[in-house]
Amino acid sequence: MNLVKEEVNTRLKRLPSIKINTISILVILLAGLLIFFSTQSPYFLTTLNITNVLVQVTTIGLIAIPMTYVIISGAMDLSVGSILGLSAVTLGFLYESGTNIWVSVVLALVVGALAGALNGLLIARYKMQAIVVTIGTLVMLRGLVYIITKGKPISGYPDSFYFLGQGKVLGIPFSVIVMMALFSIAYILIKKTRIGRYTYALGNNEEAVRYSGINVVKVRFLTFVMSGLFAGIAAIFYVSRYASAQASAGDGIELDVITAVLIGGTHIFGGRGSLVGTFLGVLIIGTLRNGLNLMGVSVLFQTVILGVLILVAVSRQNK
Amino acid sequence: MYQMDKPILIMEGITKEFPGVKALDGVDFELYPGEVHALMGENGAGKSTLMKILSGVYQHTAGKILLNEEEVTLNNPTVAQELGISIIHQEFNLFPNLSAAENIFIDRKEIISASGKINWSRMNAEAKALTESIGADIDVRREVQYLGVHSQQVIEIAKALSFNAKILIMDEPSAALPEDEVQKMFDVVKQLRNNGVAIVYVSHRMNEIFKIADKVTVLRDGGKVSTNKITETTEDQLISEMVGKEVGDLYPDKTKRIFNESVLNVNDFDITSKHKVSFSLRRGEILGFFGLVGSGTHTLAERIFGLKKGKGTVEINGKSILIKNPKDAMKQGIAYLPPDRHRQGLVKESSIRENMTLPILKRISNGLIIDKKAEQVINEEYIEKLSIKTPSQNQVVNLLSGGNQQKVVLAKWLTTKPDILIMEEPTRGVDVGAKAEIYRLINELSLSGLSIILISTEMPELIGMSDRILVMNEGNIVNEFKNGEADQQKLLKEASNSIDKMVV
Amino acid sequence: MANIFKRREAPIILFTIVLFCIFSLISSNFLKPDNLGLILTQITTTGLISIGMLMVILFGGIDLSVGSVLAVVATVVGMLVNAGINPFVAALIGMVVGAICGAFNGLFIAWFNIPEIITTLATMFIFRGIAVAISGGEWVTNFPDSFNFFSQGKIIGIPVPIALFATGAIMFGYILSQTRFGRRVYAIGGNKEAAKLAGMSTRKTKFLVYISSGMLTSVAAVIYASQVGSIQASTAGSGIEFTVIAAVLVGGASIFGGVGTMLGTAFGVLLMGMIKNGLVLTQASVYWVDATTGFILILAIIINTVQRSRNLASREGDLV
């Protein structure tokens, strides 16, 4: 008889058309921010500044891509900032000790993916809680980063390497092109391939996916490897842009990334979300940070606004 | 024995309507102090609804409840508990991290001294006294997670008694117990009866009822069929009362089925490290499996489909195959319709389309990209074939009726084009109309050469559908019934037989 | 004696003793009374915060915002004493501020049902920002001598920080193990559904736990401010949440809730403090402390999960 009741209840509960709503709200929010900041600073809407915003968001944008997958699949990765730091100093350390720069880049990416694999192994294979595991790796990897660098930044890279983070193709910064390309690929993957289907289904009902004969462990593992790899990619662009690998690179970036994903409409408990939303979320955070910078608001106060944004975004989901 | 002649509880004309369904229709039920009153009926007969009303979980739509000749309103479980009505569910509600005594007295004012400190010695002493009053010997200071199932049940009973329970509802109390602990539970129940507690004993198990109950009430289709003294009824009578008239045309004609060579041979196959089974399945056959909760039918299904790891190979079309995971099983043409469609069968937030092709996404992808066209065609085909009632294949599964949801799960597995289909409880929680349709579909599938393993706890379903029925008991296949040989009485007897041997 | 080994805290106590011996052998400075006193004083801040964290973890939650709460309270108290307010009054006001921060967390977690991790991740940044805003980004320093009481003062011969930590630990140890409120925390962590059926209000309990946690953190903040002598709101207490979580988990608490004791947590805190001290004494780079903390954290989680699956494994063989 329970079933009867349950069915009636679910039939009454109309599923809200969250996606369309969220996307249009985000577009309006972004437009509002653009208008507001342009009244505050004449510099805001210049091509130079817009390019600047786009370049700045590549770091969180790149990491937000796999984070969207991770959160949709019902998990969480707090260690991305530390993985970024680890990849960055790996790159610096290897190059400094005489490795070819491009070999160093590849190895830095491998290290990022391996760190993600460690998370994935513990979470997917051994069923540990994603949040606690990634808090653990957050602390551990950051410690490792400081041990490697002894706190000193590693600078001085070949000019060809600077192209990644500073160069332009047809007037568009190369890093922005890469981010857009990866966003597009990820969009196609989540929309049109079975990887996307599995990701959503995993977040909605992991048991049903398992009972459908799908290797749940593998899918979840891959999302975490991707998360690590993309943090590595973000690290490469980061080092190239700032011409130096600091131990503090990426510290606290998980807040920006998770905020972007959550305000982009991805549901904190998984199962729902979109990359378009995440992309808009990334732009909103980039615009907000840039605009507030121009207005002279301190970085710490900006994080207060991000914190409030997270709470608002998630409260909205619970209704 | 202590048998007072005034009923402690009278339920009169209890009716319960859910939107669209009448779960109970004018049921009368009387209970006397110091009696064990068995409540029997098939799944869906209304037993649990009646007990949920008595324990305050549900409110009846018509009728009245008299407790000690006074009318009472049981709005919620706390009120019922305070009035001395306690229920012990099949699944215990215990705190594994707390001691037995604390589980009994958690959050109760009685054990808090004036200073606000918990009076541990008093709590432990009272817990000990309570458990001893029902003849159980438990270290009440041990954490519950380290106690056995019987002890956990004793703690649940002691908790009820600590509220001065005068009426105790026990829902399938033997289901969770290993067989050697059932007798201990009986001793506890007898002790309770001697203490004057009225016990409602909900069970399927015929032999238990005759061992422990004083009276038995049978429900069927939401109505009361009979109340008898246990000495004045027989197993046969009870079963025929429970079953009622067979609904003849619910089941399709199975005489047309032809079986050929065997497709699946299972020899000494480990379902756990302790239990092995052997059987074979022929092409086009519907092989029924019957067993009570804990008999191992579910474990067997999960083992064959590779969801549970273990040792042993199965022989499929003459080849010996080791199945390590569901992928291996699906490669061999095995499909498995799980018993719980809400948790295991469906991603209810997704559309019919996405659910139906979940197991075959790889097959319908070009490289990585899912072929939407092919997906739509497959959906159209199966929506039509199974006559799933939906406005479109993009409909979210949540919004479908139970019967149609179940058809989606069935379709999902048919898209894998299986040779062997294991179905567990294929008609659980669907209405009679949808049942008949699902039976018709199963029959058609077997006529088209699909071999089916049908695991069910609904005996009429098994008898109506199966060509052979294997009965499992305590992890072993204990008997085989050919078509026409089985009836409910025989099935029940075989399924609960070993407990008989234990007790006698 | 046999009883000691049966206790759940036995492994952590044993491990602490073993490590104590190892450090004593490696470094001759370790056993000096000054150093031992230093360890004890150093752990009081993490110790007080870990009491609240233990309660949060006991019902299956987590609190990332404690470091920021510490910054807010330390800043407020520091500015108040600098404005000439009596240090004790300032400390009391600080506790109110801490309680408000805790209530804010509790409100979002218990009433708006926002997951602990998200709420406290957000408030970690919000409180930090508020602390910086209050301080105006300036160092808060040059406290009056009377404020030194909280770091250097003594009560009946015991240094004030140690006395406060001991009082807190004993008080909450008592509350957790002996009172209705404390047992509710365990019950909710053990089986939330059963707790609801037994008529407990999970919301109210959670809310109270977060308020207590906020107040304990604010006591830690007062000690911290007095010990350090100058506060930079943007960094004060930053990262302390990880040391605290590690200490609680190492002390035998389960991330799945319901399991853990005050005694175990106290030893967890002591252990983490010793490791930090020992690593510094053995001249390993300070950076090793973070890496070690993280490693211990993961190790604790692995042990937790293994224990849990072992507990569940006994059911594995059952037939269904």
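Since we're looking at a predicted model, the values are computed, not measured. (Residues numbered from 1 in each chain as written. Chains lettered and ligands numbered in written order. Predicted model: local features only at pLDDT ≥ 70, side-chain atom pairs only at ≥ 80, totals over all residues. Heavy atoms only, no water.)

S.K.: What's the story with empty space enclosed by the protein in this structure? I'm lost.
M.R.: Rolled over the atoms, a probe with the dimensions of a water molecule shows which regions are left empty. Within the structure shown, the criterion is met by three cavities of 30 Å³ or more. Considered as a void within the structure, the largest cavity measures approximately 50 Å³ in volume. For the largest cavity, the full set of lining residues is B:Glu102, B:Phe105, B:Ile106, B:Asp107, B:Arg108, B:Ile111, B:Ile112, B:Ile118, B:Met123, C:Arg180 and C:Arg183. Contributions of two or more residues to the lining of the largest cavity are made by α3 (100-105) of chain B together with α9 (180-190) of chain C. In this structure, the second largest cavity is lined by C:Asp63, C:Ser65, C:Val66, C:Val69, C:Gly102, C:Asn105, C:Tyr210, C:Ser213, C:Gly214 and C:Thr217. Here the element with the most residues in the lining of the second largest cavity is helix α11 (residues 202-228) of chain C; it accounts for four residues. Class assignment of the residues belonging to the lining of the second largest cavity gives a composition of three nonpolar, six polar and one charged. (1 Å grid on protein atoms, 1.4 Å probe; cavity = no way out; pocket = protein on both sides within 12 Å on 5 of 7 lines; lining within 4 Å. Points joined across faces, edges and corners; volume = space filled by probe spheres on them. Helix = DSSP H or I, 4+ residues; strand = E, 2+ residues; numbered from the N terminus. Nonpolar A, V, L, I, M, F, W, Y, C, P; charged D, E, K, R; others polar.)

S.K.: So what exactly am I meant to see when it comes to the sheet that holds strand β13 (residues 286-290) of chain B here?
M.R.: Within a beta sheet, neighbouring strands are joined by backbone hydrogen bonds and run either parallel or antiparallel to one another. Residues and elements named next belong to chain B. Reading across the sheet, the six strands line up as β16-β19-β20-β13-β21-β22 and stay open at both edges, with mixed pairing between neighbours. Only two strands of the sheet have a single partner each, and these edge strands are β16 (334-337) and β22 (476-482). In this sheet, adjacent strand axes meet at a mean angle of 20 degrees when their direction is disregarded. Pairing between β16 and strand β19 (residues 420-424): four bridges, direction parallel. Its bridge partner lying in β19, leucine 337 is registered against methionine 423. Helix α17 (residues 488-495) rests against β13, β21 (468-473) and β22 of the sheet, and its axis sits at about 30 degrees to β21. (Pairing = 2+ DSSP bridges. Axes fitted to C-alpha atoms, helices over the stretch in contact; angles between N-to-C directions. Contact = heavy atoms within 4.5 Å.)

S.K.: Before we go on, may I ask you to explain the pattern of salt bridges in this structure?
M.R.: Once their charged atoms are close, side chains differing in charge can pair, the charge on each being opposite to the other. All names here are of chain B. The final tally for this structure, using the stated rule, is 30 salt bridges over all chains. Here arginine 343 makes a salt bridge to aspartate 340, at a shortest N to O gap of 3.8 Å. The salt bridge involving lysine 407 is made with glutamate 437; its shortest N-O contact spans 2.7 Å. A residue pair is termed long-range when its members are at least 10 positions apart, and lysine 407 in helix α14 (residues 402-414) and glutamate 437 in helix α15 (residues 432-447) qualify at 30 residues. Here lysine 407 and glutamate 437 have matching classes, each one buried. (Salt bridge = Lys/Arg side-chain N within 4 Å of Asp/Glu carboxyl O. Buried < 20%, exposed > 50% of the residue type's maximum accessible area, 1.4 Å probe, protein only.)

S.K.: Hey, could you run me through a positive patch on the surface in this one?
M.R.: Residues A:Lys218, B:Lys327, B:Lys331 and B:Lys362 make up a contiguous surface patch of positive charge. Given the relative accessible area of 44%, A:Lys218 is considered partly exposed. (Patch = residues over 30% accessible without salt bridge, like charges linked within 9 Å, V, L, I, M, F, W, Y side chains within 5 Å. Areas by Shrake-Rupley, 256 points an atom, 1.4 Å probe, with all protein chains shown as cover. Lys, Arg positive; Asp, Glu negative; His and termini not counted. Charge placed at Lys NZ, Arg CZ, Asp CG, Glu CD.)

S.K.: Can you help me understand the interface of chain C and chain B in this one?
M.R.: Reports often express the size of an interface as the amount of accessible area lost when the parts come together. On the side of chain B, 29 residues touch chain C, which itself brings 24 residues to the contact. With both chains or domains summed, chain C and chain B bury close to 2200 Å², and 53% of this area falls on carbon and sulfur atoms. The interface formed by chain C and chain B includes three salt bridges. Here B:Asp107 makes a salt bridge to C:Arg180, at a shortest N to O gap of 3.3 Å. Where chain C touches chain B, the interface holds nine residue pairs in polar contact (both at pLDDT 80 or more). Listing elements by their share of the side of chain C that touches chain B, those giving two or more residues are α8 (160-178), α9 and α10 (192-197) of chain C. A total of six residues in the side of chain C that touches chain B trace back to one element, the largest contributor, which is α9(C). (Buried area = accessible area lost by both parts, 1.4 Å probe. Polar contact = N/O pair within 3.5 Å; in protein donor to acceptor, adjacent residues only side chain to side chain.)

S.K.: Got a minute to help me understand the pairing of β21(B) in this structure?
M.R.: All names here are of chain B. Counting buried residues along β21, six of its six residues qualify, which places the element largely inside the surrounding structure. Here β21 shows no split at all, with Arg468, Leu470 and Met472 on one side and Ile469, Val471 and Asn473 on the other all buried. Two elements, β21 and β22, share six bridges in a ladder whose sense is antiparallel. Paired with isoleucine 469 across the bridge in β22 is phenylalanine 481. The antiparallel pairing of β21 with β22 creates a hairpin that spans two residues between the two strands, and glutamate 474 there sits at a positive phi of about 50 degrees.

S.K.: It is not clear to me how helix α6 (residues 116-135) of chain C should be interpreted in this structure. Could you clarify?
M.R.: Along an α-helix, residues three or four positions apart point the same way, because every turn accommodates 3.6 residues. Residue and element names in this part refer to chain C. Look at α6: 28 Å from first C-alpha to last across 20 residues, which is about the 28 Å you get at 1.5 Å a residue. Along α6, 17 of the 20 residues are buried, which leaves the element largely enclosed by surrounding structure. The positive-phi residue at the C-terminal boundary of α6 is glycine 136, with phi of around 65 degrees. (Expected span 1.5 Å × (residues − 1).)

S.K.: In this structure, what is going on with the nonpolar core? I would like to understand it.
M.R.: Looking at soluble globular proteins, one finds that nonpolar side chains tend to be buried together. Counting residues in hydrophobic clusters, the biggest one holds 186 residues, and the most contacted among them are A:Phe161, C:Ile118 and C:Leu249. Tallying contributions element by element places helix α3 (residues 47-72) of chain A first for this core, with twelve residues. Those residues in contact with A:Phe161, other than ones at most four positions away along the chain, are A:Leu91, A:Ile101, A:Trp102, A:Val105, A:Ile236, A:Val239 and A:Ser240. (Core = buried A, V, L, I, M, F, W, Y, C linked by side-chain atoms within 4.5 Å.)

S.K.: How should helix α3 (residues 33-58) of chain C be read in this particular structure?
M.R.: Residue and element names in this part refer to chain C. Between the first and last C-alpha of α3 there are 35 Å, a value that for 26 residues agrees with the 38 Å anticipated at 1.5 Å per step. The sharpest bend along α3 measures roughly 40 degrees and falls at threonine 44. Phi turns positive, to about 85 degrees, at glycine 60, one or two residues after α3. (Bend = angle between axes of the 7 residues up to and from the residue.)

S.K.: How should the interface of chain B and chain A be read in this particular structure?
M.R.: Taken together, the 49 residues of chain B in the interface contact 33 residues of chain A. Both faces considered, chain B and chain A share a buried interface measuring about 3300 Å² in area, 59% of it formed by carbon and sulfur atoms. On the chain B side of the interface with chain A, the three residues burying the most area are B:Leu358, B:Leu368 and B:Leu399, jointly 16% of the side's total. Remark: the boundary between chain B and chain A carries two salt bridges. The residue A:Arg197 makes a salt bridge to B:Glu354 at a minimum N-O spacing of 3.8 Å. Among the elements that take part in the side of chain B that touches chain A, helix α11 (residues 341-345) of chain B stands out by supplying five residues, more than any other.

S.K.: Would you explain the sheet that holds strand β4 (residues 62-67) of chain B in this entry?
M.R.: Residues and elements named next belong to chain B. Judged by pairing direction, the sheet is antiparallel, and its four strands sit side by side in the order β2-β1-β4-β5 without closing on themselves. The open sheet has two edge strands, β2 (21-31) and β5 (70-71), and neither has a second partner. Here strand β1 (residues 9-18) runs beside β4; their pairing, made up of five bridges, is antiparallel. Paired with leucine 9 across the strands is leucine 67, a residue of β4. Contacting β1, β2 and β4, helix α1 (residues 47-54) runs over the sheet at an angle of about 115 degrees to β1.

S.K.: In this structure, what is going on with the packing of aromatic side chains? I would like to understand it.
M.R.: For any pair of aromatic rings, the description rests on two quantities: the centre-to-centre distance and the angle between the ring planes. Using the criterion set out here, one finds 28 aromatic pairs over all chains in the structure. For the ring pair A:Tyr157 and A:Phe161, a centre distance of 5.4 Å and an interplane angle of 45 degrees mean the geometry is tilted. Here A:Tyr157 and A:Phe161 have matching classes, each one buried. Ring pairs connect the aromatic residues A:Tyr95, A:Trp102, A:Tyr157, A:Phe161 and A:Tyr162, which therefore count as one cluster. The side chain of C:Arg183 reaches across the aromatic face of C:Tyr186, ending 4.5 Å from its centre. (Phe/Tyr/Trp six-rings, centres within 6.5 Å; stacked < 30°, edge-to-face > 60°. Lys NZ or Arg CZ within 6 Å of the ring centre and 35° of its normal.)

S.K.: Any chance you could explain the domain arrangement of chain B here in plain terms?
M.R.: Each assigned domain of chain B is listed here: domain 1 (9-243), domain 2 (247-333 + 419-504) and domain 3 (342-417). For domain 1 of chain B and domain 3 of chain B, the distance between their C-alpha centroids amounts to 42 Å. (Domains from an automatic or database assignment.)

S.K.: Got a minute to help me understand unusual backbone geometry in this structure?
M.R.: Trans is the common state for peptide bonds, and a negative phi is the common state for residues other than glycine. Residues and elements named next belong to chain B. Not every positive phi belongs to a glycine, and asparagine 317 is a case in point at roughly 50 degrees. As for its position among the elements, asparagine 317 is in the loop between β14 (314-316) and β15 (319-321). Of note, the phi angle at glutamate 425 is positive, near 45 degrees, even though the residue is not glycine. When you line up the elements, glutamate 425 lands in the loop between β19 and α15.

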